[in-house]
Amino acid sequence: MAKKMALIATKGTLDMAYPPFILASTAAALGYEVQVFFTFYGLPLLRKDLSDVKISPLANPAMPMPIPMPVLVQALPGMESVATMMMKQKLAKHGVATLEELRDMCLEMDVKFIACQMTVDLFEFDKSEFIEQCEYGGATTFMAFAGDADICLFI
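The structure contained in this document is the topic of the report that follows.

Some details on helix α1 (residues 14-29)
- Taking 1.5 Å as the rise per residue, α1 with 16 residues should run 22 Å; its terminal C-alpha atoms sit 23 Å apart, in good agreement.
- Within α1 the residues assigned to the buried category are L14, A17, Y18, P20, F21, A24, S25, A27 and A28.
- Where the residues of α1 are buried, they touch β1 (4-9), β2 (33-38), α3 (79-93), α4 (99-108) and β3 (112-116).
- Looking one or two residues beyond α1, the residue adopting positive phi is G31, at roughly 95°.

Some thoughts on the nonpolar core
- In this structure, V36, F38, L46 and F113 are the most contacted members of the largest nonpolar core, which totals 35 residues.
- Counting only elements with at least two residues in this core, the list comes to β1, α1, β2, α3, α4 and β3.
- Other than its neighbours up to four places away in sequence, F113 contacts F21, V36, F38, L46, R103, C106, L107, I131, Q133, C134 and E135.
- Counting eight residues, the second-largest nonpolar core is a separate cluster that includes A6, F37, F142 and A149.

Focus: the sheet that holds β2
- Pairing in this open sheet of five strands is parallel, and the strands run β4-β3-β2-β1-β5 from one edge to the other. The sheet is open, and its two edges are formed by β4 (135-137) and β5 (151-154), each paired on a single side. Neighbour-to-neighbour, the strand axes of this sheet turn through a mean angle of 20°, independent of strand direction.
- When β2 meets β3, the two strands line up parallel, connected through four bridges. Following the sheet pairing, V36 is matched in β3 by F113.

Thresholds applied
- Residues numbered from 1 in each chain as written.
- Predicted model: local features only at pLDDT ≥ 70, side-chain atom pairs only at ≥ 80, totals over all residues.
- Heavy atoms only, no water.
- Helix = DSSP H or I, 4+ residues; strand = E, 2+ residues; numbered from the N terminus.
- Expected span 1.5 Å × (residues − 1).
- Buried < 20%, exposed > 50% of the residue type's maximum accessible area, 1.4 Å probe, protein only.
- Contact = heavy atoms within 4.5 Å.
- Core = buried A, V, L, I, M, F, W, Y, C linked by side-chain atoms within 4.5 Å.
- Pairing = 2+ DSSP bridges.
- Axes fitted to C-alpha atoms, helices over the stretch in contact; angles between N-to-C directions.

Written out as structure tokens, the structure is:
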């Protein structure tokens, strides 16, 4: 019987979007059965279009910047776009796959994506915005799998 890994993706910023996709694809490549439950701010990672995923330099002290930036500068309009552009350039320079590529890889390896129905309802999302390969369910749907998982991670 294959090992199981359950992930809960709760954040949708660029820096926090990579861990669930990297961990899920790696585990699937190692033969694990994998499910990812996308809830609250992680749910937008199931949108068809991921081009709007950004990173915030504000309140992100671990983010390395090319030059030291005071918090006041980080809060200026446009700095989120600048930080996102810099991060995407760094990822591309080092040959890191895009979010779309990682998500597609997960789907090709049969990673199951569950969109939190409560979050869809709460934020009044239109299901047509999301990829067709996701399923919709509540916490109980995910817990049925997570309860038997060898590894459970909250990201």
